[in-house]
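Topology and contacts: notes
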Amino acid sequence: MRPVLRRRDFLALAGAVPLAAAAPAPASRLAADPHRPQYHLLPAANWMNDPNGPIYWQGKFHMFYQYNPNGAFWGDMHWGHAVSEDMVHWKHLPMALAPTPGGPDKDGVFSGCAVVDNGGVTAIYTGVNPETQCVATSGGDLTEWKKFAGNPAIAAPPAGLEVTGFRDPCVWQEGDTWLMAVGSGFRGKGGAVLLYESRDLRRWNYLHPLVTGRMRAGANAKDPVDSGEMWECPDFFPLGGKHLLIVSTERVVKYMLGSYADRRFRPETTGGIDYGSYYAARTMTNTGDRRILWGWLTEGRSAEAQRAAGWSGVMSLPRELKLMGAQVQMRPAAEVETLRGKRLGADAAGDCLEVLAEIDPGDAVRAGLKLRAAPDGSERTLVYYDREQKRVCVDRSQSSTDLSADRGIQSGPFLLGRGEPLRLRIFLDGSVIEIFANDRFCLTARVYPAGRRSTGVALHADGGTAKMVSFEAWEMRPISPDRLTS
Ligand code: DQQ
């Protein structure tokens, strides 16, 4: 997803006028900004979007991400870099990849992946304009990168194919063959993933589409990503005895679970990875049996408000994926629990919390939690299961008295079994609310309460009576003393 560009920015990106860097926000202001998360990864300042090439390498977890060094707006894409020993405490490292003037990535180092090869790490990413697939290698602490002299490794989409896009490679190995899935699609038909093979990660042969989707009937949009005619950021891997394909399109992240044989993927069931402010998800490579998913937590306020704040975009918490029967299980990685600080009672309140609540919806039509509630009722966010709509919803209509913040209801399909309680696991962190329901549904909301006292937590029931079966909460420990500005 690329936020709508103003014409001036577009021209600047296209090289017609220099892109004006915004005056950086002073670190002291960023450190005091109550909307900046305290235990989620985000850069010290400016814009970030997609996770890129997350990889476990030489005992450390490396995270790269789309980063604009010029300000809190999309453009001039670089790969930012952070490293962690536990996936929750991060140290920022110098930028990993920057556009090379005159090179195939001169207008941006777009999204991609990283794999272990030949005693080092190889990154495969999209260079623009036009969209091509490029290669770079590194080793040691992954701070020094060398771009492949033969870039672009893939200079254009397959001959004869009219595609809606050609980006965001995902690479894996089968025996001595490397496979690459590239996000793409066809006008009037739907998104697609194009499959390539290689022996050396540099020379690639096109095989065929790994899978082709069917867009919603009647969907029509200028940007093929909005209509589902383009799939961004494909991620493809084995899970349990099946294969999972994750794609980002139509502003959400979807998954398809199915079987993979003869280098073709046949989806059997589909679902949502996250129904809220979450995009461009990608799993970490080289983590053995564990499948750790990362996503970009998008903002929920105007572009002007983001620029004024001096920062935009947050990395999700690590989510561990498993297959339980036919169900994709999504839970926060166990490492997240190491952030738990003081245990709180039924009167828990705060904006840097983990909340674990089991709720019997009783005869209530809507049952869940009220969060970030002001004592005078001026602000509050509702997270609830709506049994009539069969959805988990987040009502942001009163989340913030700041008028630039989104106020719509965010929701996704969810069915509570007969007698099954609603089990909410919620992470509050500044403007982030990351919600896990019954280990099988996720929705991330962004809220920007103006009041410092908008911290209350309470049971919410509407149209009947619900009961809190159990409630636990913890203060979460910040991962830096200054909201990651150092
Ligand atoms: N973001 C990147 C693209 C990708 C999109 C550019 C998804 O590579 O398709 O910043 O958010």
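Values in this document were obtained by computation on a predicted structure and should not be read as measured data.

Moving on to the overall build of the chain. Scanning the chain for helices and strands turns up four helices and 33 strands. Referenced to the eigenvectors of the C-alpha coordinate spread, the extents of the chain come out at roughly 65 × 50 × 45 Å. When each of the 486 residues of the chain is scored for burial, the buried share is 58%. Restricting the contact set of the chain to residue pairs at least 6 apart, pairs at least 24 apart contribute 57%. Total accessible area on the chain is roughly 19200 Å²; 50% of this is exposed by carbon and sulfur atoms. On the chain, the mean spot of the 56 positive side-chain charges and the mean spot of the 54 negative ones are 2 Å from each other.

Another point: the nonpolar core. L244 and I246 are the most contacted members of the largest nonpolar core, which totals 61 residues. Among the elements that line this core, the one with the most residues is strand 18 (residues 292–297), at five residues. Both domains that furnish three or more residues to this core are identified here as domain 1 (5–12 + 39–298) and domain 2 (341–476). A364, A367, L416 and I433 belong to the second largest nonpolar core, which has 30 residues in total.

So, about the domain arrangement of the chain. Each domain of the chain was delimited in the assignment, giving domain 1 (5–12 + 39–298) and domain 2 (341–476). Spacing between the C-alpha centres of domain 1 and domain 2 amounts to 32 Å. Tallying the contact residues gives ten residues for domain 1 and 18 residues for domain 2. Taken over both partners, the interface formed by domain 1 and domain 2 buries close to 1100 Å², and the fraction arising from carbon and sulfur atoms is 52%.

The sheet built from four strands is open, its strands ordered 5-6-7-8 with antiparallel pairing. Strands with a single pairing partner mark the edges of an open sheet, and in this sheet they are strand 5 (109–117) and strand 8 (146–147). Sheet analysis places strand 6 (residues 120–127) next to strand 7 (residues 132–138), joined by seven bridges and oriented antiparallel. Paired with V121 across the bridge in strand 7 is S138.

On to the environment of N220, then. Inspection of the secondary structure assignment puts N220 in the loop between strand 12 (205–212) and helix 3 (224–227). Under the relative-accessibility criterion, N220 is labelled exposed at 72%.

Let us now look at the sheet that holds strand 31 (residues 441–446). One open sheet holds the six strands; their spatial order is 23-33-24-29-30-31, and the pairing between them is antiparallel. Single-partner strands in this sheet number two, and they are strand 23 (340–344) and strand 31. Pairs of neighbouring strands in the sheet enclose a mean axial angle of 20°, with direction left out of account. As judged from the eight bridges shared by strand 24 (residues 352–360) and strand 29 (residues 422–429), these two strands associate in the antiparallel manner. The residue of strand 29 that forms the bridge with E354 is F427.

A few words on the packing of aromatic side chains. In total, this model carries 18 aromatic pairs according to the counting rule given. When the centroid spacing of 5.8 Å and the interplanar angle of 75° are considered together, the rings of W90 and W294 count as edge-to-face. One end of the pair, W90, is in strand 4 (residues 90–97); the other, W294, is in strand 18, with 204 residues separating them in the sequence. Judged by relative accessible area, W90 falls into the buried class, the value being 9%. Between F414 and F441 the ring centres are 5.6 Å apart and the planes differ by 75°, which places this aromatic pair in the edge-to-face class. With F414 in the loop between strand 28 (409–413) and strand 29 and F441 in strand 31, this pair connects stretches of sequence that are 27 residues apart. Classification of F414 as buried rests on a relative accessible area of 6%. The structure contains a cluster of three or more aromatic residues connected by ring pairs, namely F64, W79, Y125 and W145.

Locating N46 in the fold gives a position in strand 1 (residues 46–57). The contact partners of N46, leaving out residues within four places of it in the chain, are Y67, N68, P69, N70, G71, A72, G310, W311 and S312.

Of note, L195 is situated in strand 11 (residues 190–198). In the structure, L195 is positioned 222 residues away from G417 in sequence and 39 Å away in space, judged by C-alpha atoms. Contacts of L195, omitting those with residues within four sequence positions, involve W172, L179, M180, N205, Y206, L207, H208, P209, L210 and R263.

Parameters and conventions
- Residues numbered from 1 in each chain as written.
- Predicted model: local features only at pLDDT ≥ 70, side-chain atom pairs only at ≥ 80, totals over all residues.
- Heavy atoms only, no water.
- Helix = DSSP H or I, 4+ residues; strand = E, 2+ residues; numbered from the N terminus.
- Buried < 20%, exposed > 50% of the residue type's maximum accessible area, 1.4 Å probe, protein only.
- Contact = heavy atoms within 4.5 Å.
- Areas by Shrake-Rupley, 256 points an atom, 1.4 Å probe, with all protein chains shown as cover.
- Lys, Arg positive; Asp, Glu negative; His and termini not counted.
- Charge placed at Lys NZ, Arg CZ, Asp CG, Glu CD.
- Core = buried A, V, L, I, M, F, W, Y, C linked by side-chain atoms within 4.5 Å.
- Domains from an automatic or database assignment.
- Buried area = accessible area lost by both parts, 1.4 Å probe.
- Pairing = 2+ DSSP bridges.
- Axes fitted to C-alpha atoms, helices over the stretch in contact; angles between N-to-C directions.
- Phe/Tyr/Trp six-rings, centres within 6.5 Å; stacked < 30°, edge-to-face > 60°.

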